[in-house]
Amino acid sequence: MITLRVNGKDRKLDDIDPSTPLLWVLRDHLDMVGTKFGCGKGLCGACTVHLNGSAIRSCSLPISAANGQSITTIEGLAKQDSNGVVQFHPLQQAWVEHDVPQCGYCQAGQLMSAAALLQQNPNPNDDEIESAMAGNICRCGTYKRIKKAIHTAAKAEASS
Amino acid sequence: MSHYEEGRTLIPDVDMPAHVVDKINSAPAMFDEAKKGPLSRRQFLKLTGIAGGGLVLSVVVGQPRLASAETAEPDKPFAPNGYIQIKPDGTIVIAAKNPEIGQGVKTTLPMIIAEELDVAWSQVSVVQSDIDKERYGAQFAGGSMSTPMNWKPLREAGAVAKDMLLSAAAATWAVSKDSCRAENGQVINTNSGAILTYGQLASAAAGLPVPDAKNIKLKKREDYRLLGSFVTGVDNPKIVTGEPLYGVDQKLPGMLYATFTKCPSFGGSVKSANLDSVKQLDGVVDAFIIEGGDEQTGLRPGVAIIAKSTYEAFKAADALKVEWNYDNAASESWSDLVTKAKALTKTQGEVVSSKGDVKGAIEAADKVVEAFYTYPFVAHAPMEPQNCTAWYNNGKMQILAPSQTPQSIAPLVAGTLGIEESDIQVTQLRIGGGFGRRLMNDYVVEAAAIAHKVSAPIKLMWTREADTAHDFYRVGGFHNLTGGVDKEGKLTALRDSTITFYEADKDAAKPVRGGNASSGDLQCPEIANLSFEAHRLPLKIPAGWWRAPGSCTMAWVYQSFIHEMSAAAGRDHLEFLLEQFGEPRWLGKKKARHFNTERAIAVTKLAAEKANWGKPMPKGKGQGLSFYFSHLGYFAEVAEVTVSDRNEVSVDRVVVAADVGMLLNKAGGENQVEGSVTDGLSTLAGQEITFENGAVQQGNFNTYPLLRMPAQPIIETHWVTSKYPPSGLGEPALPPLAPAVTNAIYAATGHRIRTLPMSKEGYRIV
């Protein structure tokens, strides 16, 4: 049996092939489809989630390697306040305001990579953003807006 | 199947016969996006409340959900057409009719309605519409046609509704309609200052006859409040929180997961497969052969595997061993084609169109340039690999499809599986990138064919490798060009000898989809002597429409070669390019699709001005200028590059000048330009599909690279507002990018790139 803590909730998986990538566990077994399948080889970043706070490619992580560990997905990026009202992460807010998405398919992975970046470096410059985000492909070419939104979110967090 | 006519017609033919439309309209079930499982049509209509047309829920965050079946109010909602519903509780719902592939139409088309309706955007909830030709006309995402085709009908839909609300208010107050004014979802009595909201007027308006749109005055452009502003995508809140939206996100009760393995060489059929051992694998429910047919756009032969999860299906597909029959399969090799094409284009081809005496003019020219240009096949590579969910239950087929041509699905599936079209229900879903790939419904008919044999809903999922190797490719091309300038440095002649592919075993006179290399779309009306020649070759590799079909390659070839000619003449390229347009005038029959040199001149001058064209550039840096008119849009671009002595190219800045009549949504419009520039650079840099024995050699993003964030240039967009109707932005910003960059590399280095991708000539985008 595999146990995971996903977005703060304990989840148990009986009778699962231990080589199943975390991506497909989330999507097919736990019905959390925000994390996207893009390449299956860790090349595009669409499936990025946090494993114990670090950005990883869930398509390439066997579920056995995540056993007992803590996962955050795009569904867990926003927080609920004490009244149960959903509060967007500053990155989510900035993504909406700057109208970052085109097709939007890669954006969950972009956001999770960006969130991990801001955890480590609350005020990244352009070069730092580019190097942290180089593993996430956006076929629609929204990079300019992603960069802008990360700066906006960093400023919002600094002033909050 | 939908198809583009080659040449200047940009609208895919998605027309369906009326009887087909009727059958679709009477289809039984819809799927609720909120994952509640299938609903009856009656329940569904109650849920969404739009009479006569079921709509999938997709509500803007912060807006009230539509009334549920339990709480549906007794008062009559106001729904004068398929696009608008206003309820007495004040809810304003606008339907988005066309597939959203990232081009922004799920936001922009409803904005057009909201503008004429005079509602504040914050009051509006947008829902994705049903597939219903009668109510919505053609529904597709292609040719950048959503905006131009819907500009008038959607304004009329909004204006008619507003007129009825004004009539209802006038009747309520017993005043003339002239003393009523609409604003922000309410009607104001200009005599008394009294106010009635649209919600308060809904029931009264619902009882009025719908007036003829011809008699309703539309707003003047200068009175627009919403159109032209920065409006963010209606699905953004769902996208950033990971809510289910896309084809891949669909789940039906008891659903199984399917893969479909086809012959690596296109069109090969199945001799035998190790089905028995595959069926023994963990999680595998079934495996079977699908015979398929010869049509490229239809169901092809292959092996289906059904499993309890995607991973188990993929794993089983890896263990699948198929013996293929290659009798009817493609057998082309790219390197053979290149050799053949190089030799053929040196010879006289079939003259497709000509003007003047090109031979005489070249003989008389002061300087003659001959150059061979070639570009590769490329794949669409959308981030969301092909997928489709289907359920065949009690003789009815339910299809949840991320398709750019959803109206073409029912006829295709019905014809393939022998099901009545009336028994097929198609739901359109947000699409994780189209670029023309999903104008084809091959993956949809595969899902339907598999579902037809399985007693449960199935989701067909392609791998990335399958997506790359079973695409409908932008075809590669070959152009042997000859140009002449006279003693005054005027371009007097241009000849283009091309390879034009046709589908093997079909009409040789009909170029493959998106592959009319001899269209002669030069956009230089001042050149007196022209000849466009075709050498026709058969092709079994499937060809398709790739973002800005035709234009995406023609622009590079011609705008590069025109630059070669200006360099040969020793002239400034801005002056030389403007000279090719001649006097400001509208050519042809003054239709939007006919070239208007006035608009071309305006954007070219604006791009040059904004980029400070001709400014001194240090060694290793250069500027490149290009222009192209496609998909009704006029675009000029100036690229600035820095080239290192190791041929590393940094594209530092791209300045874009655009005329699409009027920019409807600043947010979505600029996003399209930035995306097109990036896509153009990505393709130019290193993308190439090659094939051996009719099988594609590339698979994942390691062999088919896409541009990443560090390589994206600074992009500046400048808009020319012209008096013309607005046109679409999904495509026309892309074609001028490649020649702007390669012209800039020439300016920086003196090296002319004539082979794409530029990595073939040793240049690397950094």
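Residues numbered from 1 in each chain as written. Chains lettered and ligands numbered in written order. Predicted model: local features only at pLDDT ≥ 70, side-chain atom pairs only at ≥ 80, totals over all residues. Heavy atoms only, no water.

Caption draft 1: Seen up close, the sheet that holds strand β13 (residues 302–307) of chain B. Residues and elements named next belong to chain B. Taken in spatial order, the seven strands of this open sheet run β12-β13-β10-β20-β17-β18-β19, and their pairing is mixed. This sheet does not close on itself; its edge strands, each paired only once, are β12 (284–290) and β19 (424–428). Between one strand axis and the next, the sheet turns by 20 degrees as a mean value, whatever way the strands run. Here strand β18 (residues 396–401) runs beside β19; their pairing, made up of five bridges, is parallel. Residue pairing in the sheet places I399 in a bridge with V426 of β19. (Pairing = 2+ DSSP bridges. Helix = DSSP H or I, 4+ residues; strand = E, 2+ residues; numbered from the N terminus. Axes fitted to C-alpha atoms, helices over the stretch in contact; angles between N-to-C directions.)

Caption draft 2: Looking closely at the interface of chain A and chain B. Contact with chain A, which involves 51 residues of that partner, is made by 62 residues of chain B. Considering only the side of chain A, the residues that lose the most area to chain B are Q102(A), R139(A) and Y143(A), jointly responsible for 18% of the buried surface there. For the interface between chain A and chain B, the tally reads eight salt bridges. Across the salt bridge formed by E674(B) and K144(A), the nearest N and O atoms sit 3.0 Å from each other. Where chain A touches chain B, the interface holds 37 residue pairs in polar contact (both at pLDDT 80 or more). For the side of chain A that touches chain B, the secondary structure elements donating two or more residues are α1 (22–29), α3 (90–97), α4 (107–120), α5 (126–133) and α6 (143–159) of chain A. Ranked by the residues each element gives to the side of chain A that touches chain B, the list is headed by α6(A), at five residues. (Contact = heavy atoms within 4.5 Å. Buried area = accessible area lost by both parts, 1.4 Å probe. Salt bridge = Lys/Arg side-chain N within 4 Å of Asp/Glu carboxyl O. Polar contact = N/O pair within 3.5 Å; in protein donor to acceptor, adjacent residues only side chain to side chain.)

Caption draft 3: The arrangement of the packing of helix α16 (residues 573–581) of chain B against helix α17 (residues 597–610) of chain B in detail. All names here are of chain B. Where α16 contacts α17, the axes come no closer than 9 Å and their chain directions differ by 170 degrees. Classified by the interaxial angle, the pair formed by α16 and α17 is roughly antiparallel. Across the interface between the two elements, L574, L577, L578 and F581 of α16 pack against T597, A600, I601, T604, K605 and A608 of α17. Of the residues belonging to the contact of α16 with α17, the class tally is seven nonpolar, two polar and one charged. (Parallel < 35°, antiparallel > 145°, perpendicular 65-115°, else oblique. Nonpolar A, V, L, I, M, F, W, Y, C, P; charged D, E, K, R; others polar.)

Caption draft 4: Layout of the domain arrangement of chain B. Residues and elements named next belong to chain B. Domain parsing of chain B yields domain 1 (18–239), domain 2 (247–328 + 386–461) and domain 3 (345–379 + 473–765). Contact with domain 1, which involves 21 residues of that partner, is made by 21 residues of domain 3. Carbon and sulfur atoms supply 59% of the area buried between domain 1 and domain 3, which totals about 1,500 Å² over both sides. The interface formed by domain 1 and domain 3 holds zero salt bridges in total. (Domains from an automatic or database assignment.)

Caption draft 5: Region of interest: empty space enclosed by the protein. Within the structure shown, the criterion is met by nine cavities of 30 Å³ or more. If you add up the space inside the largest cavity, you get close to 480 Å³. Along the walls of the largest cavity sit 39 residues, with Q103(B), S144(B), Q672(B), L729(B) and G730(B) positioned nearest its centre. Those elements that provide at least two residues to the lining of the largest cavity are α3 (105–117), α5 (146–173) and α18 (666–686) of chain B. It is α18(B) that provides the largest number of residues to the lining of the largest cavity, a total of three residues. In the lining of the largest cavity, the residues fall into 17 nonpolar, 20 polar and two charged. Its boundaries defined by the atoms lining it, the second largest cavity holds a volume of some 180 Å³. For the second largest cavity, the lining is made up of 21 residues, of which D99(A), P101(A), G104(B), T107(B) and G233(B) are closest to its centre. Secondary-structure elements contributing two or more residues to the lining of the second largest cavity are α3 and α18 of chain B. Along the lines of polarity and charge, the residues of the lining of the second largest cavity split into three nonpolar, 13 polar and five charged. (1 Å grid on protein atoms, 1.4 Å probe; cavity = no way out; pocket = protein on both sides within 12 Å on 5 of 7 lines; lining within 4 Å. Points joined across faces, edges and corners; volume = space filled by probe spheres on them.)

Caption draft 6: Structural context of the nonpolar core. In this structure, F627(B), V641(B), V649(B), V741(B), I745(B) and I765(B) are the most contacted members of the largest nonpolar core, which totals 80 residues. Ranked by residues supplied to this core, first place goes to helix α15 (residues 551–568) of chain B with eight residues. Among residues more than four places away in sequence, those in contact with V649(B) are V641(B), T642(B), V643(B), I745(B), M758(B), Y763(B), R764(B), I765(B) and V766(B). Formed by 78 residues, the second largest nonpolar core is a distinct cluster that contains C44(A), C138(A), A469(B) and Y473(B). (Core = buried A, V, L, I, M, F, W, Y, C linked by side-chain atoms within 4.5 Å. Buried < 20%, exposed > 50% of the residue type's maximum accessible area, 1.4 Å probe, protein only.)

Caption draft 7: Structural detail: the domain arrangement of chain A. All names here are of chain A. What the domain assignment reports for chain A is domain 1 (2–76) and domain 2 (79–159). Look at where the C-alpha atoms of domain 1 and domain 2 centre, and you get two points 20 Å apart. Taken together, the contact pairs 17 residues of domain 1 with 13 residues of domain 2. At the boundary of domain 1 with domain 2, total buried surface from both sides reaches about 1,200 Å², with 56% on carbon and sulfur atoms. Considering only the side of domain 1, the residues that lose the most area to domain 2 are C44, H50 and I74, jointly responsible for 36% of the buried surface there. Our enumeration of links across domain 1 and domain 2 arrives at zero salt bridges. In this structure, the connection of domain 1 to domain 2 is made through five residue pairs in polar contact (both at pLDDT 80 or more).

Caption draft 8: View of the packing of aromatic side chains. Residue and element names in this part refer to chain B. One pass over the structure, following the stated rule, counts 25 aromatic pairs over all chains. Through successive ring pairs, a cluster of aromatic residues spans W334, F372, F377, F478, F501 and F691. Just above the ring of W546 sits the side chain of R474; from NZ or CZ to the centre is 5.6 Å. Note that R752 overlies the ring of Y746, its terminal NZ or CZ placed 4.3 Å from the centroid. (Phe/Tyr/Trp six-rings, centres within 6.5 Å; stacked < 30°, edge-to-face > 60°. Lys NZ or Arg CZ within 6 Å of the ring centre and 35° of its normal.)

Caption draft 9: Structural view of α1(A). Residue and element names in this part refer to chain A. Within α1, seven of the eight residues are buried, which leaves it mostly tucked inside the rest of the structure. The set of residues buried in α1 consists of L22, L23, W24, V25, L26, R27 and D28. Phi for D31, located one or two positions after α1, is positive at around 55 degrees.

Caption draft 10: Molecular detail of the pairing of strand β25 (residues 633–643) of chain B. Residue and element names in this part refer to chain B. Extensive coverage of β25 is indicated by the burial of 10 of its 11 residues. Inspection of the sheet shows strand β24 (residues 621–630) paired to β25 by 10 bridges, in the antiparallel sense. Bridge pairing in β25 places S630 opposite G633. Between β24 and the antiparallel strand that follows it, β25, lie two residues; H631 among them carries a positive phi value of about 50 degrees. Bridge analysis of β25 against strand β26 (residues 648–659) gives 10 bridges, and the strand direction is antiparallel. Bridge pairing in β26 places Y634 opposite D659. Here β25 folds back onto β26 in antiparallel fashion, the turn holding four residues, of which N647 has a positive phi close to 60 degrees.

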